[in-house]
Amino acid sequence: MADDTEFRFVTASVRRAARLQREYVDSFLETAGSPRAIGEQFAELCDKIEPVVSDYERRHAATTDALDRRLILNAIRELLAWTRDLQLRCAWLDAAAKPPIDLGSLYYLRSLAKAIVRPDSEFTVVAAHEGSYATVVNPFRVPSTPVPPGIVLVALVPHREIRSGLLHPLLAHEIGHGVAKVHGYTEQLRTKVTTGRIEKMLARGAQETAKESKRAVTEERAVLDKRLGAWIEEIFCDAVATACLGATYLFSFATEVLPDDVDAAGLKHPPTRQRVRLILAHLDRLGWGSIIDREVPGFAAWVRGVASAPPASQRPADEALRKAIDLAARRIQGAVDKHVSANIAKPDEEALASVAELLKQHVPPAQHDDGSPIARPMIIAGCWLSAMKTRSGDVEALADAVDSDEVGQLLPYALELSVIVDRWQTA
Amino acid sequence: MSSDRESRQPDDIATQITLGQQLVAASGGLAAASTGKVPQDAERAALTSLGDSLRSAANQQSIVAISGELGLVSAREAAYLVDAVGPDAAKALNEMANVLMGAAEGTVDAEDTKSFNRVRQLLLALSELRLAQARNVDRSDPPELSWPTTLSSVS
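Residues numbered from 1 in each chain as written. Chains lettered and ligands numbered in written order. Predicted model: local features only at pLDDT ≥ 70, side-chain atom pairs only at ≥ 80, totals over all residues.

Student: Residue-level account of the overall build of chain B, with values.
Tutor: Scanning chain B from N- to C-terminus turns up six helices and zero strands. If you list the helices and strands of chain B from N to C, you get α-α-α-α-α-α. Within chain B, contacts between residues separated by at least 24 positions form 61% of all contacts whose residues are at least 6 apart in sequence. (Helix = DSSP H or I, 4+ residues; strand = E, 2+ residues; numbered from the N terminus. Contact = placed C-beta atoms within 7 Å.)

Take a look at the structure:
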């Protein structure tokens, strides 16, 4: 008779871990208003664990084969690891209950998520103690197509930046990942663009890489295809943030990303030089380019210089991807412009001037003289321009402007007031 | 947005739990088939799904594909699996996929002990990799595995 003690001990530990996680989420749900779906889906996942444990118990009891029992023991231990790891997500519930960023920015980003991802989206921002800005879509559900009702978007913000209101627009890029995943844009675009010249480039890139790596060409091609999807999604998300926020995204992006090596190609990210060039081209088409050139000429000249300088030589795979992205960029940006057409932030010079004037008077820049609300993308862009112009206006001013005390205080209020004014006037 | 730091921990715990359960069900289905019994519905579904995944991974001849198909977060884990399978991994994985599909469809030869054992060892290896993956996450040393060096040599 086989000894089941070890198996029973692990099984009891899984049940205990699942119960503790369920109790935590129960306490969240008792008081949760909105967002609430994040807690409901967390609870759903906790409740899925018991049937799995019961299944493993039944199978373990039914077999005497040593290999089978070993496999089931591995599986229940794996389940224990995942169940315990759910605690990593408890911080997300805490953040949903008590957001780490200002409410003005949060309300704006939540409304943007509902507008461009899907109306049933819930957006939670979490302060992360490691890593950079990132997004997770429906973290407690098995992915399925079409995505079922109740989308949970979790965006991670580096903890150091939770008070950096002028960087929160980077979360529009993260919402872009939600758009790409929920609507399947990444795979659609990758399939559409992988023809003709791009197909030839990728094939050649895979062959040249395989010569260096000594791995099979098919292996290198699979890696390239996967990376192309990731790069397309990044360009897609840059385009979402650019379309919805205009010049703001360039300022925020430049502050966070430009200090690093602009020619470094990441596994999942195109080189920054290429991204800046594509963001600038998009901004020029939307009418923002001339405003940036006029208002902050020092910054504009520097950034355009970075964008137009020839890229450093890359490894064959990175070179193939970079060229493929250049060829595909207009198609990606076109898909974004179509998807977010109702939310494109074209420059409104009158609004930008109002924001600048109100900031001079130390008033939250939320309303025009006639009492109408200033659109929130214009509020943020106006705040960025003012913060830059009250400094040198050159690129190095970014690192100081982003922490402007005055803008830091007035921007969140302005974003909140703009919504209140809008709702009041609509009611 | 700007970081390429790879985490070995999957965000998708729900998927990993489902894949773990599928592996156990497939193993149960295989055990049933090897004694001439008909696997249960859930076991047949798991056998078919795992067989499809192995076949797809083998046909793509790519470790990246194998890691994706089998829910292994890192291509490194998939590389261990391929090493374990033996020199002609694509052929071996296709053969094992055929055994899984055959068990699901009731067309497998219950007397073919060697084939069954190879696949059972593969499933055990996969469970070890999945456990190593779930337990840890940012370590740089390879997981310690208890399956034979090359599954192709199992008889």
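We are not done yet, so read on.
Student: Hey, could you go over the nonpolar core for me, with residue numbers and the actual values?
Tutor: Ranked by size, the top nonpolar core spans 186 residues in total, and within it Ile175, Phe236 and Val240 of chain A together with Leu100 of chain B carry the most contacts. Top contributing element to this core by residue count: helix H9 (residues 217-245) of chain A, with 15 residues. In this structure, isoleucine 175 of chain A is in contact with Leu109, Leu112, Ala113, Ile116, Val117, Leu153 and Val240 of chain A, ignoring residues within four places of it in sequence. (Core = buried A, V, L, I, M, F, W, Y, C linked by C-beta atoms within 7 Å. Buried ≥ 20, exposed ≤ 12 C-beta atoms within 10 Å, placed from the backbone.)

Student: So what about the packing of helix H7 (residues 185-193) of chain A against helix H14 (residues 316-339) of chain A? Which residues, and what values?
Tutor: All names here are of chain A. The N-to-C vectors of H7 and H14 enclose an angle of 145 degrees; their axes lie 11 Å apart at closest approach. In this structure, H7 meets H14 at a crossing whose hand is right-handed. Here Tyr185, Leu189 and Val193 of H7 come into contact with H14, specifically with Ala328, Arg331, Ile332 and Ala335. Of the residues that constitute the contact of H7 with H14, the class distribution is six nonpolar, no polar and one charged. (Axes fitted to C-alpha atoms, helices over the stretch in contact; angles between N-to-C directions. Left-handed = near helix turned anticlockwise from the far one by under 90°. Nonpolar A, V, L, I, M, F, W, Y, C, P; charged D, E, K, R; others polar.)

Student: How would you summarise the sheet that holds strand S3 (residues 151-158) of chain A if you had to cite specific residues and measurements?
Tutor: All names here are of chain A. The strand order across the open sheet formed by three strands is S1-S3-S2, and the pairing between neighbours is mixed. Looking along the sheet, the strands with just one partner apiece sit at the ends: strand S1 (121-128) and strand S2 (134-137). Each strand of the sheet is rotated relative to its neighbour by a mean of 20 degrees, with strand direction disregarded. Looking at chain direction, S2 and S3 are connected through four bridges and run antiparallel. Within the sheet, the bridge partner assigned to alanine 134 lies in S3 and is leucine 156. Sheet contacts for helix H5 (residues 103-116): S1 and S3; angle to S1, the most-contacted strand, approximately 135 degrees. (Pairing = 2+ DSSP bridges.)

Student: Go over the domain arrangement of chain A, please, and point to the residues and values.
Tutor: Residues and elements named next belong to chain A. Splitting chain A by domain gives domain 1 (5-97), domain 2 (99-167), domain 3 (184-343) and domain 4 (349-426). Of note, the centres of domain 2 and domain 3, computed from C-alpha atoms alone, are 23 Å apart. Contact with domain 2, which involves six residues of that partner, is made by nine residues of domain 3. In terms of residue class, the side of domain 2 that touches domain 3 is built from five nonpolar, one polar and no charged. (Domains from an automatic or database assignment.)

Student: Any details on the confidence of the model for chain A? Residues and values, ideally.
Tutor: Here chain A shows a mean pLDDT of 95. Residues at 70 or above account for 100%. Within chain A, the lowest mean pLDDT, 90, falls on helix H18 (residues 405-426) of chain A, and the highest, 98, falls on helix H11 (residues 272-286) of chain A. (pLDDT = per-residue confidence, 0-100.)

Student: Explain the pairing of S3 of chain A to me, and be specific about the residues and the numbers.
Tutor: All names here are of chain A. Burial analysis of S3 places eight of its eight residues in the buried class, the great majority of the element. Side-chain alternation along S3 places Ile151, Leu153, Ala155 and Val157 on one buried face and Val152, Val154, Leu156 and Pro158 on a second face that is also buried. As defined by bridge partners, S1 adjoins S3 across eight bridges and the pair is classed as parallel. Bridge pairing in S3 links alanine 128 to proline 158.

Student: Mind laying out the confidence of the model for chain B, listing which residues take part and the relevant values?
Tutor: Residues and elements named next belong to chain B. Across chain B, pLDDT averages 77, with 77% of residues at or above 70. Between the elements of chain B, mean pLDDT differs from a low of 72, seen in helix H4 (residues 75-85), to a high of 92, seen in helix H1 (residues 13-34). Counting contacts from residues 5-9, a segment whose pLDDT is below 50, to residues more than four positions away or on other chains yields nine contacts. Under a pLDDT of 50 for its full length, residues 138-155 has, in the predicted model, 34 contacts with residues more than four places off or in other chains. At the level of chain-chain contacts, confidence expressed as ipTM amounts to 0.86, with global pTM at 0.91.

Student: Can you tell me about H18 of chain A, naming the residues and giving the values?
Tutor: Under the 1.5 Å per step criterion, the end-to-end length of H18 of chain A is 32 Å for 22 residues, consistent within 8% with the ideal 32 Å. Elements in contact with the buried residues of H18 of chain A: H5, helix H15 (349-360) and helix H16 (376-389) of chain A. (Expected span 1.5 Å × (residues − 1).)

Student: If you had to explain the packing of H1 of chain B against helix H5 (residues 89-105) of chain B to someone new, which residues and values would you point to?
Tutor: Residue and element names in this part refer to chain B. Running from N to C, H1 and H5 point in directions that differ by 70 degrees, and their axes come no closer than 9 Å. Judged by the inter-axis angle, H1 sits roughly perpendicular to H5. Contacts between H1 and H5 involve Ala26, Gly29, Leu30 and Ala33 from the former and Leu100, Ala103 and Ala104 from the latter. Its residues assigned to classes, the contact of H1 with H5 shows six nonpolar, one polar and no charged. (Parallel < 35°, antiparallel > 145°, perpendicular 65-115°, else oblique.)

Student: I'd like a description of the interface of chain B and chain A, backed by residues and values.
Tutor: Listed per partner, the contact involves 35 residues of chain B and 47 residues of chain A. With 13 residues, the top contributor of residues to the side of chain B that touches chain A is H1 of chain B. The class makeup of the residues in the side of chain B that touches chain A is 14 nonpolar, 13 polar and eight charged.

Student: I'd like to hear about helix H2 (residues 41-60) of chain B, residue by residue, with values.
Tutor: Residue and element names in this part refer to chain B. An ideal rise of 1.5 Å per residue puts 28 Å on 20 residues; H2 measures up with 29 Å between its terminal C-alpha atoms. Buried within H2 we find Glu43, Arg44, Ala46, Leu47, Leu50, Gly51, Ser53, Leu54, Ala57 and Ala58. Looking at the buried residues of H2, the elements they touch are H1, helix H3 (63-69) and H5. Among the residues trailing H2, glutamine 61 stands out with phi positive, at a value near 50 degrees.

Student: Provide a residue-level description of unusual backbone geometry, including the pertinent values.
Tutor: Residues and elements named next belong to chain A. With an omega of -5 degrees, the peptide bond between threonine 145 and proline 146 qualifies as cis. Of note, proline 146 is situated in the loop between S2 and S3. The phi angle at asparagine 138 is positive, at roughly 45 degrees, despite the residue not being glycine. Structurally, asparagine 138 is set in the loop between S2 and S3.

Student: Account for the environment of proline 143 of chain A, naming residues and giving values.
Tutor: Residue and element names in this part refer to chain A. Mapped onto the elements, proline 143 comes out in the loop between S2 and S3. Assessed through the 11 C-beta atoms surrounding it within 10 Å, proline 143 is described here as exposed. Along the sequence, proline 143 and valine 182 sit 39 residues apart, while their C-alpha atoms lie 9.8 Å from each other.

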